[in-house]
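# Summary of structural features
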Amino acid sequence: MTATESSAERAAPVVARTRPELRAARAELKGESVAVVMTMGALHEGHATLIRMAREQADHVILTIFLNPLQFGPKEDLSRYPRTFDSDMAIATAEGVDLVFAPTPDVIYQDGDPGVRISAGPLGDVLEGQSRPGHFDGMLTVVAKLMHLTAGTLFYYGQKDAQQLLLIRRMVRDLDLPARIVSVPTVREPDGLAMSSRNTYLSPSDREVALCLSRSLRAGAAAAEEGPSAIRRAARKVLVEEPLALVDYLVLVHPTTLQDVPEWYKGEALLALAARVGTTRLIDNTPILVGPGGGARDVFSDVPEAPAAPILPA
Ligand code: AMP
């Protein structure tokens, strides 16, 4: 494809629904590097940004669209999660995806509920894990399966889901998976709201209320030079002023241990929060450099590198 070719002229990606279809289409991707962007569909500009970055850095891009039942609790929103395959395909085409893998649960879980799963360990029990028991085990299990099935070499994840990103990096390290992980900064609406497929649940008034999440993070980041208590205080003040947002947690934690940072701490930290607005549970976060010259950052600079692993054969 040439640089001048417009997105309108791009060919639609090949769609694979089954394992044999995926295997056949994957074998056609001859380049050395194959990037994979994993999604649950209902694509928006955040997903498009991951795809764009993948496309710049790899020879081929595989997009997976799979609403993974294993990572939804019984009272969560699996049944109402937006399903927008046609517009997802339009985005995939415009962004130059080569191959879309869109399986149904019976393709991924051939024998039904998998007895063997990946355990996220203690990092999966805090923050999101506290409100969503088993969520990260289900997420890691499908991520590992999709890594193997796609035989990708580079995998792109959003900073928006900071704990997910951390756990995927840990899994790659702890299990020596031959995968390189790339993190992508959170993409926001012009007014600050982090883009999310779940934003479609928000009524216009909910949406106004939801702005307090990013406002809180900005207030916290603005106090970065004053230290952890000032950051927490500034972020909390914004949330307290919005009683219609029911806060689940607001934390300032170490980026790799997820433990609260102490008052003397200087360096990178994660300011993260979750809140319910109307019927919708929203999460947001910002990396912060705490201490002199501190403030908000897009992504963490000092991410643990995945092992320099051999690339899986194409
Ligand atoms: P999802 O479809 O919500 O599971 O998201 C698929 C991928 O897109 C994950 O790696 C997310 O972290 C990433 N993502 C979702 N929303 C955003 C956003 N607003 N900015 C950056 N990445 C995002």
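What you see is a predicted model, and the numbers here were worked out from it, not measured in a lab. (Residues numbered from 1 in each chain as written. Predicted model: local features only at pLDDT ≥ 70, side-chain atom pairs only at ≥ 80, totals over all residues. Heavy atoms only, no water.)

Taken together, 17 residues are adjacent to the ligand, and Met-40, His-47, Asp-161, Val-187 and Met-195 come closest. At 3.0 Å, a backbone N or O of Gly-158 approaches an oxygen atom of the ligand. For the ligand, whose accessible area on its own is 480 Å², the fraction buried by protein is 93%. Residue assignment for the shell around the ligand shows that the elements contributing at least two residues are β2 (34-39), α2 (45-57) and β5 (154-158). (Near = heavy atom within 4 Å. Polar contact = N/O pair within 3.5 Å; in protein donor to acceptor, adjacent residues only side chain to side chain. Areas by Shrake-Rupley, 256 points an atom, 1.4 Å probe, with all protein chains shown as cover. Helix = DSSP H or I, 4+ residues; strand = E, 2+ residues; numbered from the N terminus.)

With antiparallel pairing, four strands are arranged side by side in an open sheet as β7-β8-β9-β10. Of all the strands in the sheet, the pair left with one neighbour each is β7 (245-253) and β10 (295-296). As judged from the two bridges shared by strand β9 (residues 280-290) and β10, these two strands associate in the antiparallel manner. Paired with Leu-289 across the two strands is Gly-295, which belongs to β10. Here helix α8 (residues 204-222) sits on the sheet in contact with β7, β8 (267-277), β9 and β10, set at roughly 165° to β8. (Pairing = 2+ DSSP bridges. Contact = heavy atoms within 4.5 Å. Axes fitted to C-alpha atoms, helices over the stretch in contact; angles between N-to-C directions.)

Let's shift gears to helix α1 (residues 19-27). Quick reminder: α-helices carry 3.6 residues per turn. Residues three or four places apart thus point the same way. Buried residues of α1: Arg-19, Leu-22, Ala-25 and Arg-26, and no others. Mapping the buried residues of α1 onto a view down its axis gives an arc of 130°, with all of them on the same face. Every exposed residue of α1 that faces more than 90 degrees away from the buried side is listed here: Pro-20 and Arg-23. Contacts from the buried residues of α1 go to β1 (14-16), β2, β3 (60-65), β4 (99-101), α4 (105-108) and α6 (135-150). (Buried < 20%, exposed > 50% of the residue type's maximum accessible area, 1.4 Å probe, protein only. Arc of directions from axis to C-beta.)

Turning our eyes to something else, we now look at the packing of α1 against α6. It is at 10 Å that the axes of α1 and α6 come closest, and there the two elements cross at 50°. One finds that α1 runs oblique with respect to α6. Contacts from Arg-19, Leu-22 and Arg-26 of α1 reach α6 at Lys-145, Leu-149 and Thr-150. Among the residues making up the contact of α1 with α6, the classes are represented as two nonpolar, one polar and three charged. (Parallel < 35°, antiparallel > 145°, perpendicular 65-115°, else oblique. Nonpolar A, V, L, I, M, F, W, Y, C, P; charged D, E, K, R; others polar.)

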